[in-house]
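# Descriptive structure summary
Take a look at the letters that make up each chain.
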Amino acid sequence: MEYSSSVSDYHQAAKYLLPLTPLTFSPFVFNSEGNECIIASAKHCGECIQAGAKCGWCKDPAFLKQGEAVSTRCDELQSLVKRGCNVDMIESPKGERKILRNKPVTNRKKGGEKLQPHEITQIQPQKLNLTLRSGEPQTFDLKFKRAEDYPIDLYYLMDLSYSMKDDLENVKNLGTSLMQKMSKITSDFQIGFGSFVEKTVMPYISTTPAKLLNPCTGDQNCTSPFSYRNVLNLTSDGKQFNTLVGQQQISGNLDSPEGGFDAIMQVAVCGNLIGWRDVTRLLVFSTDAGFHFAGDGKLGGIVLPNDGKCHLEDNVYTMSHYYDYPSIAHLVQKLSDNNIQTIFAVTEEFQPVYQELKNLIPKSAVGTLSANSSNVINLIIDAYNSLSSEVILENSKLPSGVTITYTSRCKNGVVNGGENGRKCSNISIGDEVTFSISVTSKGCPNEGMSDTIKIKPLGFTEELEITLNFICGCDCQKVGINKSPLCHSNGTYECGDCRCEDGHVGRECECSSNDVATEDMDRTCRKDNTTDICSNSGDCVCGTCECKNRDNPEERYSGQFCECDNFSCDRSGNKLCGGHGRCECRVCVCDLMWAGSACDCSLDNTTCMASNKQICNGRGTCDCGICKCTDPKFQGPTCEICPTCPGVCTEHKECVQCRTFGTGEKKDTCEKDCSYFTLIKVKDRDKLPQPNDAAYPVMHCKERDANDYCPAGPDIIPIVAGVVAGIVLIGLALLLIWKLLMIIHDRREFAKFEKEKMNAKWDTQENPIYKSPINQFQNPSYGRKAAVL
């Protein structure tokens, strides 16, 4: 019987102990980019708070230690408190948000109370005042709700070149028909009409006198070409629309693209003449051709850029020959400034072109116009529903250093961020959505002067006005003492320190900047003649060392000559002072119950306490929390393990025998007397835990069983001989089987050959190379006598 036993001074039971997995600690790595306060090297409180939202300035006059620079007053708030600055002595102003106008959004049903456009509110709030601290965002919510029965102005701008002749007939009754359709959406609807052709210069039109009167060919009677004409101001009279449109005549031009951009610009900027109200503004642009844009005017000798101003005289654009076509970006700006949403009603041929244009113009839509514009009403209704179901926020130009972010909370709990945070889609009338908007400044924009920005939904006249104020200084600067005696009358005493005037330096502004590099002053910055100036860890300013800052805010130089630091002490476990003390002037000051140069020696002896409540089991001494066994026979963390102590195998023998084989003296009392340990059986002796490999010291025991019998080990020679013989016999058997199979195969092949030989029939006449040895000749007959040779 062979088993493995754990041995101790108290003969503890044999057990398998799993080794403890050691814990691995990664050293703390400081990211210097995170502390913008240290990097700023601020010389006064204003510079400090502009460095970042986490920065604060300690204004306690006694805060700085010897050798520390003024810039060390600026640090993260927690670091300042840890370094001994009272919270009440820290300057760290915070931004704030004030709502100045917060009129609730309008809840009104169609057919209810009649309201003027300016009495309807769709965004909330309407006016804010934000005070911004550098790096600290100010966040607020903007609510938007589509008001029911909201007024609509629609201006129909039509291409009147000759190719649109049949379309004009269908537009003549557009006024009353569209009025009826739009009455289902709003009770306050106005419609206007304008037309365009092309610039009245070559090569866009023919400038011969006859063509200027009638640009059409043959017997067609066309009106003179023009660039843009406002035919009808916005009106609620649909019949008047039909009448005036019915009086319009087709004109003509030479090239395929039209001058529609000139017309759109005038419609956008001539709001007073056209009659735009502060309501939903729709511009329907109807054409069957492409468009000219900025730069094309050079063909006609026009090089002046479009000025984006209104030039209507008697409702006709008079400067088409003087200003170039507007650029797309210019149009986008003017349409946005005037809250105009554009619907491009174009033929299928030009759909791809205007789809690309739509992608460049926010709040625009494209519809396919039938060949004769018969579907124009349905096109307008569909496009309006598409435009009004989406809200997109835009803001005016931001001051330098100011950023803005949007997060939208739309219908059905949909939340969008980034660029998509500006918009919500699939909004029905009466739906309410919310935008979370954050405004952040960096530094002190506009030199601290206030500024105003505006946020509005595209296509709507309502807007949120935000006044921005910037925190650029501290309150303690406002009570600074100019020409203070504490600063040798050469600076202002503010926020706990001197702010020197130009030309003066030093902690108390006591030196002229021209005298700071003298040899005498450098001498006072050396600890002795053999050391570097300020121990090479600082700068000598006015005869006094100002220690350099470290990237890690936890690490600092100090001392009269910057000879001290708090990061060069001994380490243990990759931790400064073992994590159980603080480093002062390169020497560890240990916490209570810790000692040693690296504070890695624990004075707590509880880890040395053995199970018998004795220190190191009475057989060792406790040194820094670890037992050092004085008796060489004992080992382990508490000197309780004795692998060579006698009697261990004998003591456990009876219990191992009864629990394993059910025999021995304790077989009847086994369950009672031998249940104090865990027994693990193994099939092979080699699988027993080894003394050198086990996590817990063990020893092997070999004992005889109750019958005084110890099983002998296996006889190796017969086993090896049997294995060799088996291999040889198997090889011979396989060889014989292979030989037998080859004989059978050969005999079958020979029999097949014999059979085919017997069945063979040879015929010489059928042999193509056989030639008979007999030749026959026929002699000619003479007198019927034949001669045979």
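What counts, and where the lines are drawn
Residues numbered from 1 in each chain as written. Predicted model: local features only at pLDDT ≥ 70, side-chain atom pairs only at ≥ 80, totals over all residues. Heavy atoms only, no water. UniProt positions renumbered as here; feature names shortened; annotations may be inferred. Helix = DSSP H or I, 4+ residues; strand = E, 2+ residues; numbered from the N terminus. Polar contact = N/O pair within 3.5 Å; in protein donor to acceptor, adjacent residues only side chain to side chain. Contact = heavy atoms within 4.5 Å. Buried < 20%, exposed > 50% of the residue type's maximum accessible area, 1.4 Å probe, protein only. Pairing = 2+ DSSP bridges. Core = buried A, V, L, I, M, F, W, Y, C linked by side-chain atoms within 4.5 Å. Patch = residues over 30% accessible without salt bridge, like charges linked within 9 Å, V, L, I, M, F, W, Y side chains within 5 Å. Areas by Shrake-Rupley, 256 points an atom, 1.4 Å probe, with all protein chains shown as cover. Salt bridge = Lys/Arg side-chain N within 4 Å of Asp/Glu carboxyl O. Axes fitted to C-alpha atoms, helices over the stretch in contact; angles between N-to-C directions. Parallel < 35°, antiparallel > 145°, perpendicular 65-115°, else oblique. Nonpolar A, V, L, I, M, F, W, Y, C, P; charged D, E, K, R; others polar. Phe/Tyr/Trp six-rings, centres within 6.5 Å; stacked < 30°, edge-to-face > 60°. Disulfide = S-S within 2.5 Å. Arc of directions from axis to C-beta.

The name an unreviewed UniProt entry gives the protein is Integrin beta, with Takifugu rubripes as the organism. Recorded in UniProt under Sequence similarities (unreviewed entry), the annotation for the protein is "Belongs to the integrin beta chain family."

Mapped onto the elements of the fold, Gln 124 is located in strand E6 (residues 123-124). Side-chain polar atoms of Gln 124 contact the side chain of Asn 102, separated by 3.2 Å. Among residues more than four places away in sequence, those in contact with Gln 124 are Asn 102, Lys 103, Pro 104, Val 105, Asp 141, Leu 142 and Lys 143.

Mapped onto the fold, Leu 312 is located in strand E13 (residues 312-313). A relative accessible area of 12% means that Leu 312 is categorised as buried. Sequence spacing of Leu 312 and Tyr 228 is 84 residues, and the spatial spacing of their C-alpha atoms is 8.9 Å. When sequence neighbours within four positions are dropped, the list of residues in contact with Leu 312 reads Tyr 228, Gln 266, Cys 270, Leu 273 and Tyr 317.

Let's shift gears to the sheet that holds strand E21 (residues 432-441). Strand order in the open sheet formed by 5 strands is E6-E8-E21-E18-E19, with antiparallel pairing between adjacent strands. Each end of this open sheet is capped by a strand with a single partner; those strands are E6 and strand E19 (415-416). In terms of strand pairing, strand E18 (residues 402-409) meets E19 through 2 bridges, oriented antiparallel. Within E19, the position partnered with Arg 409 by the bridge is Val 415.

Before going further, it helps to examine the nonpolar core. Judged by nonpolar contacts, the single largest core of 37 residues is most densely connected at Leu 154, Tyr 156, Leu 178 and Phe 193. By residue number, the principal contributor to this core is helix H12 (residues 376-388), which donates 8 residues. The next biggest cluster of nonpolar side chains, apart from the first, holds 31 residues, and it includes Phe 261, Val 267, Phe 350 and Ile 361.

Residues Ile 716, Val 720, Val 724, Val 728, Leu 729, Leu 732, Leu 735, Trp 738 and Met 742 make up a contiguous nonpolar surface patch of about 890 Å² in total accessible area. Judged by relative accessible area, Trp 738 falls into the exposed class, the value being 52%.

A few words now on the pattern of salt bridges. This model, assessed by the stated rule, comprises 21 salt bridges. In this structure, Asp 75 engages Arg 556 in a salt bridge whose closest nitrogen and oxygen atoms are separated by 2.5 Å. Of this pair, Asp 75 sits in strand E3 (residues 74-76) while Arg 556 is found in the loop between strand E29 (544-547) and strand E30 (557-558), placing the two residues 481 residues apart along the sequence. Asp 75 gets classed as buried once you look at its relative accessible area, which sits at 0%. Taking relative accessible area as the criterion, Arg 556 reaches 12% and is therefore assigned buried. A salt bridge links Asp 141 to Arg 409; the shortest N-O distance between them is 3.2 Å. Placement of Asp 141 in strand E8 (residues 138-145) and of Arg 409 in strand E18 is noted, with a sequence separation of 268 residues between them. Three or more residues are tied together by salt bridges with common partners; here these are Glu 68, Asp 75, Arg 83 and Arg 556.

Right, let's talk about the sheet that holds E3 for a bit. Here 3 strands make up an open sheet; going across it, the order is E3-E2-E4 and the pairing antiparallel. Strands with a single pairing partner mark the edges of an open sheet, and in this sheet they are E3 and strand E4 (90-91). Sheet topology places strand E2 (residues 55-58) next to E3; 3 bridges connect them, and they run antiparallel. By the bridge assignment for E3, Trp 57 is matched with Cys 74.

As a further point, take the packing of helix H5 (residues 174-182) against helix H7 (residues 238-246). Contact geometry for H5 and H7: axes closest at 6 Å, N-to-C directions at 150°. Taken together, the axis directions place H5 and H7 in an arrangement best described as roughly antiparallel. Counted together, Leu 174, Gly 175, Thr 176 and Met 179 of H5 and Gly 238, Lys 239, Phe 241 and Asn 242 of H7 form the full contact between these two elements. Taken together, the residues of the contact of H5 with H7 break down into 3 nonpolar, 4 polar and 1 charged.

Enumeration according to the criterion identifies 14 aromatic pairs in this entry. With a centroid separation of 5.4 Å and 75° between ring planes, the pair formed by Phe 144 and Phe 460 is classed as edge-to-face. Taken together, the residues span a long stretch of sequence, with Phe 144 in strand E8 and Phe 460 in the loop between strand E22 (451-457) and strand E23 (464-470) at a distance of 316 residues. Judged by its relative accessible area of 8%, Phe 460 falls in the buried class.

Looking now at the side chain of Ser 161. Mapped onto the fold, Ser 161 is located in the loop between strand E9 (152-159) and helix H4 (165-171). According to the relative accessible area criterion, Ser 161 is buried, its value standing at 1%. For Ser 161, the side chain forms a polar contact with the side chain of Glu 258, separated by 3.2 Å. The residues touching Ser 161, leaving out its near neighbours within four places in the chain, are Phe 196, Val 197, Ile 250, Ser 251, Asn 253, Glu 258 and Asp 288.

Attention now moves to the pairing of E22. In this structure, strand E17 (residues 391-395) lies alongside E22, joined through 3 bridges in antiparallel fashion. Its bridge partner being in E22, Leu 393 is matched across the sheet by Pro 457. Relative to E23, E22 runs antiparallel, the two sharing 5 bridges. When the sheet's bridge partners are listed, Ile 453 is paired in E23 with Ile 466. Hairpin connection, E22 to E23: the antiparallel pair is bridged by 6 residues, and Gly 459 has positive phi, about 85°.

Further remarks concern the state of the cysteines. A full pass over the atoms with the stated rule returns 24 disulfides. Between the sulfur atoms of Cys 590 and its disulfide partner Cys 599 the distance amounts to 2.1 Å. Here the disulfide of Cys 590 and Cys 599 is left-handed, its torsion about the S-S bond being about -95°. For Cys 590, a relative accessible area of 24% corresponds to the partly exposed category. Shown here is the disulfide that connects Cys 629 with Cys 639, its sulfur atoms set 2.0 Å apart. Classification of the bridge connecting Cys 629 and Cys 639 rests on its S-S torsion, roughly -105°, and on that basis the disulfide is left-handed. With a gap of 10 residues between them, Cys 629 in strand E39 (residues 626-629) and Cys 639 in the loop between E39 and helix H15 (648-661) connect regions that are remote in the sequence. The class for Cys 629 is partly exposed, based on a relative accessible area of 29%.

Take the environment of Asp 451 next. With respect to the helices and strands, the residue Asp 451 is situated in strand E22. Relative accessible area serves as the criterion here: at 25%, Asp 451 is assigned to the partly exposed category. Remark: the alpha-carbon pair of Asp 451 and Leu 398, spanning 53 residues in sequence, is separated by 8.9 Å. Those residues in contact with Asp 451, other than ones at most four positions away along the chain, are Pro 399, Asn 446, Ile 466, Thr 467 and Leu 468.

Gln 351, Tyr 354 and Leu 357 are the residues of helix H11 (residues 351-360) that are buried. Buried positions in H11, seen along its axis, are confined to an arc of 125° and lie on one side of it. In H11, the exposed positions that point more than 90 degrees away from the buried face belong to Pro 352, Glu 356, Asn 359 and Leu 360.

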